[in-house]
Amino acid sequence: MHRYALRDDQWERIKDFLPGRKGYVGGTAADNRLFVDAVIYRYRTGIPWRDLPERYGQWKPTHRRDVGGRCRQRVHDDRRDHRSCAPAQRRRPKKDGENQAIGRSRGGLTTKIHAVVDALCNPVALSLTPGQAADITQAAPLLDEVEPDAFIGDKGYDSDALVEKLEQRGITPVIPPKANRKEPRETDFALYCERNLVERFFNALKQYRGIATRYDKLANTLLTGVLLVCVILWLN
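Residues numbered from 1 in each chain as written. Predicted model: local features only at pLDDT ≥ 70, side-chain atom pairs only at ≥ 80, totals over all residues. Heavy atoms only, no water.

J.: I keep staring at the pairing of strand E2 (residues 108–117) and nothing clicks. Help me out?
T.: On any regular strand, side chains alternate: one points to one face of the sheet, the next to the other face. Note: strand E1 (residues 103–105) against E2, 3 bridges, orientation antiparallel. Paired with Ser-105 across the strands is Gly-108, a residue of E2. Between E1 and E2, which pair antiparallel in sequence order, lie 2 residues. Pairing between E2 and strand E3 (residues 123–130): 7 bridges, direction antiparallel. By the bridge assignment for E3, Lys-112 is matched with Thr-129. Where E2 folds back on E3, the antiparallel hairpin that results is connected by 5 residues, among which Cys-121 adopts a positive phi of roughly 75 degrees. (Pairing = 2+ DSSP bridges. Helix = DSSP H or I, 4+ residues; strand = E, 2+ residues; numbered from the N terminus.)

Dropping the structure here:
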């Protein structure tokens with residue numbers, strides 16, 4: 001079961017930040033750890049909520065709870081502090097609005113997860129958009145939430161406006177110039193090799209089938225699942 005559940009040491013680091021614990025304002029949950037393990041199991045296997053094994057209790061209460069944000073903050077506070085380790089931020093689409101982060105791209109109806117990761121491959125800022133949205137549209141909003149020394153991105157982020165904003169903040173842009181630039185900028189290609197950090201994060205995220213293939217109707221539910229997986233990655 002360890003593949004689908006938190007280890008004891010991981011649980012100890014987040015248990016005091018969950019709603020429903022003893023002494024918390026409001027109702028007391030029967031078993032907070034079982035709840036977290038149930039959510040992990042669901043996203044790891046990609047099953048519908050209704051097919052959650054009976055050992056985890058009723059599926060609907062588990063589906064409705066939100067564990068991502070509080071645990072995320074605890075994990076961040078528990079790590080060695082440095083400039084690039086801000087807690088992962090979330091940008092929630094409105095539940096009753098039209099935007100559920102679903103759009104039409106070459107692969108059909110898809111959702112895109114945007115992420116900024118630190119030098120340890122940990123996610124520090126996240127957002128969801130419809131699948132057809134260009135990556136660069138989320139670069140500035142996500143970078144507003146962190147204070148890195150350098151920003152590493154592929155050619156899709158080669159924009160005069162973005163580069164200017166980075167330089168104004170004292171952030172070194174490590175972005176290869178597009179082929180159509182008349183005056184290509186210099187790029188630290190040795191540092192650019194570290195771009196694989198974000199690819200490694202997404203590879204880890206895709207190990208959770210419920211994330212790799214979107215099974216959630218609401219963007220809020222999907223984003224909560226992504227945040228919980230990010231907490232697990234921070235705990236490892």
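J.: Looking at this structure, how should I read the packing of aromatic side chains?
T.: The description of an aromatic ring pair uses the distance of the two centres, along with the angle that the planes make with each other. In this structure the tally under the stated criterion is 6 aromatic pairs. Ring plane angle 65 degrees and centroid distance 5.1 Å describe the contact between Tyr-4 and Tyr-41, whose orientation is recorded as edge-to-face. Of the two residues, Tyr-4 sits in the segment before helix H1 (8–14) while Tyr-41 sits in helix H2 (residues 32–45), which places them 37 residues apart along the sequence. A ring pair is formed by Tyr-41 and Tyr-56, whose centres lie 5.4 Å apart and whose planes are at 40 degrees; its orientation type is tilted. You can see Tyr-41 sitting in helix H2 and its partner Tyr-56 sitting in the loop between H2 and helix H3 (59–64), a full 15 residues away along the chain. Just as Tyr-41 is buried, Tyr-56 falls in that class too. One aromatic cluster in this structure is built from Tyr-4, Tyr-41 and Tyr-56. Lying over the aromatic face of Tyr-208, Arg-44 brings its terminal NZ or CZ to 5.2 Å of the ring centre. When the ring centre of Tyr-41 is taken as origin, the NZ or CZ atom of Arg-55, which lies over that ring, is 5.4 Å away. (Phe/Tyr/Trp six-rings, centres within 6.5 Å; stacked < 30°, edge-to-face > 60°. Buried < 20%, exposed > 50% of the residue type's maximum accessible area, 1.4 Å probe, protein only. Lys NZ or Arg CZ within 6 Å of the ring centre and 35° of its normal.)

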